[in-house]
Amino acid sequence: MLQHLITLIWNKKRTHALLIVEILASFLVLFGVSSLIIDNLGNYQTPIGYQYKDRWVISMDWGQTPDSLADPIRQQLKQRVLAYPQVVAASLSSGNTPFSNGTSNGEPTYNGVKLMTYNYWVDTDYARTYEIPVLEGRWFDKSDEAAAVTPVIINEPFRRKVFGGSPAVGKLLLNDEDKKDKKRIIGVIGNFKKDGEYEKNEPGMFYRVKSNEWQSSLSIHVRPDTDATFEGRMMRDLSQIAKGWNLELSYLTDQREGKHNITLVPMIIFLVVSTFLLINVALGLFGVLNVSITRRRGEIGLRRALGATERSISWQFVGEMWVLATFALLLGLVLAGQFPLLNVFDLSAGVYLTAMAVSVVVIYVIITLCALYPSRQAATIQPAVALHEE
């Protein structure tokens, strides 16, 4: 039966070639969309590790103000913010706050293992402001000011990649370029996905911010009932303290939505393209099957006269479409199989394999649904009518 179906398809190879190309293109686009969706869904299920609701961030640009004068002003701004009853907590930090576009990378080494990390400079109130739980060790405090070795806090992805299941607190990290630059781990937090739920869970390392260094953001945790009236009054008060500075306030909920849009828009575009290709494949199948049924009415009538059932006639045409799809999918799987081997988009092999399976199933389901109606029409042809027409 299979050999017969292949022969029928080969005899009309020119007609079927375009369909094979369309199915192949649909599979590849669907594979790419599935990989993107599966990876993002996996990332979304991983907690981000901090709270973003009711959090505001004030970006500070002190222009020509000398650093020696800027630091006291920053401290005044923080203290003024904390004096408001609407504010629960506040923290000074570097500019790469959650959902911002700022980044800072490092490559600490432990026992010859070098790891690319995201670096953050924060003060002693950062964990309280964002409600970040410490899983091992402790957060920064005033005792770290006099530490002989730079204290750092790492997140769980960092600990897992470098130390596996072993405790990390107390371990020393080195700098390949500067052997004197040592860092001692004093605490481990959970996840810290700076760009939100759809971001990969990457290693991160936190430094205690020092005076005159990396303090361009003031994060604020406000009470849920805080309104825009308070925001305007607070910004006017802060402008009086930091005269000549450029202070810009943003809401983390809005920044989070912007980050999500950056992730979701490409997926939507790919879904539209994939849907368009699948519709073209479906229309092509309808056209090919209808033409095939019209031209093969005599063959169908002869088979019915020889005792073939409606079911066997119907599944013959469905089988032809399955074989046609299989040719395209085999070629598509060969091409898609290069992605995990070459690590094209830096996704795990499991994501690619799952995307391949999902794409194959979707293609076969669509092929089957599109072929059922024309094949049932073919099965209803009466032998006497078909042979009489011949």
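Since we're looking at a predicted model, the values are computed, not measured.

Calculation criteria
Residues numbered from 1 in each chain as written. Predicted model: local features only at pLDDT ≥ 70, side-chain atom pairs only at ≥ 80, totals over all residues. Heavy atoms only, no water. UniProt positions renumbered as here; feature names shortened; annotations may be inferred. Helix = DSSP H or I, 4+ residues; strand = E, 2+ residues; numbered from the N terminus. Salt bridge = Lys/Arg side-chain N within 4 Å of Asp/Glu carboxyl O. Buried < 20%, exposed > 50% of the residue type's maximum accessible area, 1.4 Å probe, protein only. Core = buried A, V, L, I, M, F, W, Y, C linked by side-chain atoms within 4.5 Å. Contact = heavy atoms within 4.5 Å.

Q: Hey, could you run me through the UniProt feature "transmembrane region" (unreviewed entry) in the protein chain in this one?
A: Per the UniProt record, the feature "transmembrane region" (unreviewed entry) sits at residues 17–38, 264–292, 313–337 and 349–373. Counting secondary structure, residues 17–38 comes out at 100% helix and 0% strand; the distance between its end C-alpha atoms is 31 Å.

Q: Looking at this structure, I do not really get the pattern of salt bridges. What am I missing?
A: Under the definition given, this model contains 13 salt bridges. For Asp-123, the salt bridge goes to Lys-78, with nearest N and O atoms at 2.8 Å. Taken as a pair, Asp-123 in the loop between strand 6 (117–122) and helix 4 (126–130) and Lys-78 in helix 3 (residues 67–82) lie far apart in primary sequence, 45 residues in all. Between Asp-141 and Arg-138 there is a salt bridge, and its shortest N-O distance comes to 3.4 Å. Classification of Arg-138 as partly exposed rests on a relative accessible area of 30%. Via salt bridges that share partners, Lys-78, Asp-123 and Asp-125 belong to a single interconnected network.

Q: How do you make sense of the nonpolar core when you look at a structure like this?
A: Note on soluble globular proteins: their nonpolar side chains tend to be buried together. Membership of the largest hydrophobic core comes to 27 residues, with the highest contact counts inside it found for Ile-23, Phe-27, Phe-31, Leu-285, Met-321, Ile-363 and Ile-367. Of all the secondary structure elements, the ones that give two or more residues to this core are helix 2 (13–44), helix 7 (252–295), helix 9 (310–336) and helix 11 (349–379). Looking at this core, the element that brings in the most residues is helix 11, giving 9 residues. Excluding residues that lie within four positions of it along the chain, Phe-31 makes contacts with Ala-336, Phe-339, Tyr-352, Ala-355, Met-356 and Ser-359. Trp-62, Val-81, Tyr-84 and Trp-245 belong to the second largest nonpolar core, which has 23 residues in total.

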